[in-house]
Structure formats: C-alpha cells, structure tokens
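Below are the chains, spelled out letter by letter.
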Amino acid sequence: MILTVTLNPSIDTSYALDKLCIDDVNRVVAHKTAGGKGLNVTRVLHELGARVLATGFVGGYMGSYLQQLMDNSDLPHDFLQIEGETRVCISVLHEGKQTEFLEAGPCVTPQDTQAFKEKFTHLIQDASCVTISGSMPQGIPDDFYAQLITSAAAAHKHVLLDTSGAALEAALLSSDKPTLIKPNLSELNAMLHTNFTSENPQALVHALASDERFTGVAWIVISMGKDGLLAYHQGSVYRVHAAQISCVNATGSGDSTIAGFAYALSQNMSAPDVLRYGAVCGTLNALEAQTGHINMDKWDNVYKDTKVERI
C-alpha cells in the first residue's frame, strides 16, 4: 500500500467561461473535485492499479463533502477530523487564462498536530512508501514534514516529498532525509542562490553534490517543464526527455509524476524505469482536461516516446 499525505486538501471548484465579466453577473456550471496535490497523487496511483490510502486533515461540512467525493471515485481514505472547515479553491477558466481564488484553509491546533503524528505512525506500518505533497495549513510548524519523515525512517519506509520553501528546507536540515525530492528549476535556484538553466545540467548537479543539505537524499529530481527532468541518484546523473505532445492542461502533472515515481519505487524498478514511469505519468496528465488524471489507453505511445539517458 502507498500512503499519500495531503495536510491541506480542498474542494477544487472550476468555472469555465467564454468571457469573465467584471462587476457583473457570471452564470456558471461548477465542476467540483476532491483537491490538493496529494489527492492528485492518490487518483493517479489508483488509475495505475496501485493499492493506495489517502490521509490528512479534514473538517466541517466541506471535509465531509470531500470524503464523499472520494468515496464516489472509490478512493480509499483515512483522514483526521478537526474542528476547522476544509478550504474551497476556485479556478475561473476564461479567455485562455486561469484566475484562481485559494482559501488558506483551517488553523490546526497543537492537539490536532500530535493526533495526526500518532495516526501517521500507525498508518505507515502497512505502507510500502509514503508521498507527502503540498503546503501545510495554518498552525503547523515548518518542521512538521521533517517530523513525519523521521517517523517513516524509524519504520524503514521510503518518503517522496513534494513541497517547497521552509518545509523543504527543514526536511533537508533534518538528520532523517526524504528518499526523493522534486523541486522545479526555479525553486532549486532559489535554494542555491544560483541561476542554472536546463542547458548546464552538469554544473547544477555539481552544486547539489557539494551542498550538505542534499546529502542522504537518494533521489534529487529537478523538474524542468518542457525540457523534462534531471535526476541525481547514487552518484549518477540522468536526463529524462518527455514525449512531445500538444498540452491540454499541465496542472497536476507534477503530482502525477510523483505518483509514477511512487508506483515504480514500490515495485522495486530500476533507476531508469523509476524516472520513465514518473515522466510518462506527468505527460499523460497534461493530455487530459481533468487535473490529476491519466488515460491508460495512451500509456504505450507515451512510454515509447519517453527517453532516459545517463549523462
């Protein structure tokens, strides 16, 4: 079983409009999904045929509705109930643009935080690996992901961490490191105070190898958008060339990539196959209008056109 952690899930609501009329009435048809980066991972793992369980915080009416949406999609879950209300995030698709309204979400108490640590420690006993995705809700300390990684390390479980900012920094400064991280190029440049591009991978990897924060991280995967992925694993550098496609909706492709990595690692695949699975899932998501969704009927063609080279 793969455990996915989404501490700040949401009801994702999208409105598609030919034109957004400011200071006027816009009549819409709403499309609602159980949202959050980790829940995108959950959906894709389910579509890959993996045994998966989603966890995190939910609360209030919206929290109940989120779980109902997951039940409707046959997605297993075991959330911690809290007093606050699960957030709603709204995307307005108009005139080739996307305008978003993102609620902050509930404020989590220290008691809730401790209760989740205890739940997490119990749930990971049956997990082959864990994915931790996205930002944290209000009230949780910056090092909380690092604490979860320590709990997973004690149980000898792989952790794939997909976050940024202070939460990622805290995890990298901890003695127990995540198995895999997946910053994008701009996030990594911000951490290193550099301006690397996809054209100088060797210099980028040298900078990673000489930075003690990354010591002990088995997989460092850098997302470079249309230029694919760059990975540093056990002293080897890999360049992943994604299949060339006409993108429909790239939102959720990073989450889908994490799902592919988690599935491949749980199946003990080789390093090139781990990277290939991740890239294929990310590409397949970009071919669909729905976020966090892959069409397995397209797998073979995309897999064939995805290349992994050791450089």
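The residue numbers shown here count from 1 along each chain, following its written sequence. Reporting in this predicted model follows two pLDDT cut-offs: at least 70 for local features of residues, and 80 or more for side-chain atom pairs to be given and counted; totals over whole chains, interfaces and linings ignore these cut-offs and use all residues. To get the side-chain values, all heavy atoms of the structure are used, and hydrogens and water are removed first.

S.K.: Mind showing me how you'd approach the pairing of strand β11 (residues 219-223) here?
M.R.: For a regular strand, side-chain orientation follows a simple rule: the groups alternate between the two sheet faces. Across the 5 residues that make up β11, a large majority, 4, are buried. Any two strands between which DSSP finds at least two bridges are classified as paired. Going along the chain from the N terminus, every DSSP run of H or I of four or more residues is numbered as a helix, and every run of E of two or more is numbered as a strand. Sheet topology note: the strand β10 (residues 180-181)/β11 ladder contains 2 bridges and is parallel. Counted as the bridge partner of L180 is W219 from β11. Note: β11 against strand β12 (residues 229-233), 5 bridges, orientation antiparallel. By the bridge assignment for β12, W219 is matched with H233. Each residue's exposure class comes from its accessible area (1.4 Å probe, protein chains only) as a fraction of the maximum for that residue type: buried when under 20%, exposed when over 50%, partly exposed otherwise.

S.K.: Which parts of the structure should I look at to understand the sheet that holds strand β2 (residues 10-17)?
M.R.: On the basis of which strands lie adjacent, the open sheet formed by 4 strands has the order β3-β2-β6-β7 and mixed pairing. The outermost strands of the open sheet, each flanked by one partner alone, are β3 (30-35) and β7 (97-102). Averaged over all pairs of adjacent strands, the angle between their axes in this sheet comes to 20 degrees, without regard to strand direction. Across 6 bridges, the pairing between strand β6 (residues 87-94) and β7 is antiparallel. From the neighbouring strand, S91 faces β7, where its bridge partner is E100. Every angle, taken between N-to-C directions, lies between 0 and 180 degrees, and every axis is a line fitted to C-alpha atoms, over only the stretch in contact when it is a helix.

S.K.: Honestly, the packing of aromatic side chains in this entry has me stumped. Any pointers?
M.R.: Pairs of aromatic rings are described using the distance from one ring centre to the other and the angle between the two planes. Each Phe, Tyr or Trp ring (for Trp, its six-membered ring) is paired with any other whose centre lies within 6.5 Å, and the angle between the two planes then decides the class: stacked below 30 degrees, edge-to-face above 60, tilted in between. One pass over the structure, following the stated rule, counts 7 aromatic pairs. Centroid distance F57 to F116: 5.1 Å. Interplanar angle 45 degrees. Geometry classified as tilted. Remark: F116 occurs in helix α3 (residues 110-123) and F57 occurs in strand β4 (residues 52-59); sequence separation between them is 59 residues. The same class applies to F57 and to F116, which are both buried. Residues Y263 and Y277 carry aromatic rings whose centres are separated by 5.8 Å and whose planes lie at 20 degrees to one another, so their mutual orientation is stacked. Here the residue Y263 occupies a position in helix α8 (residues 253-266), and Y277 occupies one in helix α9 (residues 271-286), the gap between them amounting to 14 residues. There is no split in this pair, since Y263 and Y277 are both buried. Grouped by ring-pair contacts, the aromatic residues F57, F116, F120 and F144 constitute a single cluster.

S.K.: Would you explain the pattern of salt bridges in this entry?
M.R.: Two side chains that carry opposite charge are able to pair once their charged atoms sit near each other. Here, a salt bridge means any Lys or Arg side-chain nitrogen found within 4 Å of an Asp or Glu carboxyl oxygen. Applying the stated criterion to the full structure yields 9 salt bridges. Close ionic contact of K37 with D162 constitutes a salt bridge, the shortest N to O distance being 3.5 Å. A residue pair is termed long-range when its members are at least 10 positions apart, and K37 in helix α1 (residues 37-48) and D162 in strand β9 (residues 158-162) qualify at 125 residues. We classify K37 as partly exposed; its relative accessible area is 32%. Its salt-bridge partner being D255, residue K37 comes within 2.6 Å of it at the nearest N-O pair. Of this pair, K37 sits in helix α1 while D255 is found in helix α8, placing the two residues 218 residues apart along the sequence. Overall, the relative accessible area of 4% leaves D255 in the buried class. Connected through salt bridges with shared partners, the residues K37, D162 and D255 form a single ionic network.

S.K.: Is there a simple way to think about the environment of T179 in this case?
M.R.: Along the polypeptide, T179 turns up in the loop between α5 (165-173) and β10. Along the sequence, T179 and L7 sit 172 residues apart, while their C-alpha atoms lie 19 Å from each other. Contacts of T179, omitting those with residues within four sequence positions, involve H158, V159, V217, A218 and W219. The term polar contact refers here to a pair of N or O atoms within 3.5 Å; inside protein, the definition further demands a hydrogen-donor-capable atom paired with an acceptor-capable atom, and it admits residues adjacent in sequence only when both atoms are side-chain atoms. A distance of 3.4 Å separates a polar atom in the side chain of T179 from a polar atom in the side chain of H158. We call two residues in contact whenever any of their non-hydrogen atoms come within 4.5 Å of each other.

S.K.: Looking at this structure, I do not really get unusual backbone geometry. What am I missing?
M.R.: For residues besides glycine, phi is generally negative; the peptide bonds are generally trans as well. For D23, which is not a glycine, the phi torsion comes out positive at approximately 60 degrees. Summarising the element assignment, D23 is placed in the loop between β2 and β3. Positioned with a positive phi, E95 is a non-glycine residue whose angle comes to about 50 degrees. With respect to the helices and strands, E95 occurs in the loop between β6 and β7.

Any functional reading would require information beyond the geometric quantities listed.
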